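Descriptive structure summary
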Amino acid sequence: MNVILHVGAHRCATTSFQEYLRQNSPALTAEGIGFWGPRRTRRGLFHGIQPGPARVTGRNLADRARGRLQIQLEYSRAAGVQHLIVSDENMIGNIRDNLRHGGLYGGAGERMARFARAFEGGVSDLALNIRSLDGYWTSALAYAVARGHRLPTPAQLDRLVRAPRSWRDVITDIAAAMPGVRLHVLPFEIFGARPEAQLKALTGQTAPRAHARVRLNASLCLADLRASLPQRVADQLPQGSGRWHPFDEAQAAALREVYADDMMWLAGGADGLATLVEDPEKLAAGLNPPRTRLTRGRPDDKQGRMAGSG
C-alpha cells in the first residue's frame, strides 16, 4: 500500500481538495484509493506525534500515537487500499506561526521528522502544494484579518517581503526529514482548481470529475471582508471591489521574483530532492514546434528601396 502524505500548504486549495476526496469516497474506495482527512486526523489520530500540553499520565504519547497509526494502517491494508492519501495541511505547521515569525513553515523539518517516525518508514510519497508568494501571503493575511487579527503594518509587510525562507527551504527541510520518500511539488497555479488532475498525478489512476469544482475557504473580496470586520477596522481597508492587495507593486514584484527562482530550481531538478509535477494537459512541442507567427520575414525586416543606377 502506498501511503501518500498530502501536507498542503495552506491557502493552496487544500480544503477544496479534501472535500473533493470526501465527496467521491465511495467511487475512490472501489478503485482502491483510501482517504484520511482532517476530520479523522484531528480527532485523536495524530495526538501525541507533536509535543504539546498534555495530562501527566506517565505514558509515552509518541509511542501510543505510533501504535495507533500502525493499527489504522493495517485496517486499510486489510480493506484492499492500494493508495492511502493522508491529507492535513497542519502537518507542516500553521498560518498563525508563519505570520508571527514572518516566514514559511520554520519548523517543517522537525514536524515531518516526527511524522516519519510515527509512520515507521511506511510513507512512500509526499505531496506539497506551493503558490506564488505574493498570492500566498495576501491570502494568508486576508484569512487572518477575517478572523479577528489586526491589519498588517507597513513594517510587517516589509518583513514578509524580506523573509529569508522560500519554498525551496521548506522543500529542503522536508526532504532531509523524510529520506527515501518521493517528494512531489504541485503548483497551485496549475492544480488549485483541478483536484481531479492532482489526484491522478499522485496515484496514476483516472480520477472522477464529480464534485471537482467545489471551492471552499476562498479569500474574501474587499466588500465581504469589510462587512465581516468592525467598522473602525473596515475603514482602514481600501475602497472598491475585487481582491485586497496589501502589498505595493514593488513588494509584489519582489515576492514573485523569489517564487520564479524557486520554480526555476524545481524545473532544474531541485538538486534531486523533489519532482515538479507538470501540467498533465500541456503537450510538449516535439521535434516540430508549432508555428505561432504567420507573418513572412523577420520582425525587424523593413521594406527598402534599391538605389537607382548612376
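Use the structure listed above.
Residues numbered from 1 in each chain as written. Predicted model: local features only at pLDDT ≥ 70, side-chain atom pairs only at ≥ 80, totals over all residues. Heavy atoms only, no water.

Let us look at the pattern of salt bridges. Opposite charge on two side chains makes pairing possible when the charged atoms of those side chains draw close. Scanning the model with the defined rule gives 15 salt bridges in all. One salt bridge in this structure joins aspartate 88 and arginine 42, with 2.8 Å as the shortest N-O distance. Of the two residues, aspartate 88 is situated in the loop between strand S3 (83-87) and helix H5 (95-101) and arginine 42 in helix H3 (residues 38-45); the sequence distance between them amounts to 46 residues. Aspartate 88 gets classed as buried once you look at its relative accessible area, which sits at 2%. One salt bridge connects arginine 77 with glutamate 74, and the closest N-O pair in it is separated by 3.4 Å. A residue pair is termed a helical-turn pair when its members lie 3 or 4 positions apart in one helix, as arginine 77 and glutamate 74 do in helix H4 (residues 61-78) at three residues. When its relative accessible area of 35% is taken as the criterion, arginine 77 is described as partly exposed. Bridged by salt links that share partners, the residues Arg42, Asp88 and Glu89 form one connected network. (Salt bridge = Lys/Arg side-chain N within 4 Å of Asp/Glu carboxyl O. Helix = DSSP H or I, 4+ residues; strand = E, 2+ residues; numbered from the N terminus. Buried < 20%, exposed > 50% of the residue type's maximum accessible area, 1.4 Å probe, protein only.)

In this structure, alanine 9 follows glycine 8 across a cis peptide bond, with omega equal to 25°. Locating alanine 9 in the fold gives a position in the loop between strand S1 (2-6) and helix H1 (14-23). Unusually for a residue other than glycine, asparagine 217 sits at a positive phi of about 60°. By the secondary structure assignment, asparagine 217 is in the loop between helix H11 (195-203) and helix H12 (222-227). Positive phi, close to 55°, is recorded for aspartate 271, a residue that is not glycine. Here aspartate 271 lies in the loop between helix H14 (249-267) and strand S6 (275-276). Given the relative accessible area of 57%, aspartate 271 is considered exposed.

Moving on: the packing of aromatic side chains. Applying the stated criterion across every chain yields a total of four aromatic pairs. Between tyrosine 136 and tryptophan 167 the ring centres are 5.5 Å apart and the planes differ by 80°, which places this aromatic pair in the edge-to-face class. Residue tyrosine 136 is located in helix H7 (residues 133-146), and its partner tryptophan 167 is located in helix H9 (residues 167-177); the two are separated by 31 residues in the primary sequence. Both residues of the pair, tyrosine 136 and tryptophan 167, belong to the buried class. Three or more aromatic residues joined by ring pairs make a cluster, and in this case those are Tyr105, Tyr136, Trp137 and Trp167. Sitting over the ring of phenylalanine 188, arginine 131 keeps its end group 4.2 Å from the ring centre. The ring of tyrosine 143 has arginine 147 sitting right over it, with the charged end atom 3.7 Å from the ring centre. (Phe/Tyr/Trp six-rings, centres within 6.5 Å; stacked < 30°, edge-to-face > 60°. Lys NZ or Arg CZ within 6 Å of the ring centre and 35° of its normal.)

Here six strands make up an open sheet; going across it, the order is S2-S3-S1-S4-S5-S6 and the pairing parallel. Each having just a single partner strand, strand S2 (33-36) and S6 make up the two edges of the open sheet. Note that strand S5 (residues 182-187) and S6 share two bridges and pair parallel. Bridge pairing in S6 links histidine 184 to threonine 275. Each of S1, S2 and S3 touches H4; the most contacted strand, S2, lies at about 150° to it. (Pairing = 2+ DSSP bridges. Contact = heavy atoms within 4.5 Å. Axes fitted to C-alpha atoms, helices over the stretch in contact; angles between N-to-C directions.)

To continue, consider the pairing of strand S4 (residues 123-130). In terms of burial, S4 is a largely internal element, eight of the eight residues being buried. When S1 meets S4, the two strands line up parallel, connected through four bridges. Its bridge partner lying in S4, leucine 5 is registered against leucine 126. Where S4 meets S5, six bridges bridge the pair, whose relative direction is parallel. Across the sheet, the residue bridging to leucine 128 is valine 185, located in S5.

With that out of the way, let us pick up the side chain of glutamine 251. Positionally, glutamine 251 belongs in helix H14. With residues up to four places along the chain from it excluded, the contact list for glutamine 251 reads Leu157, Asp158, Val161 and Pro246.

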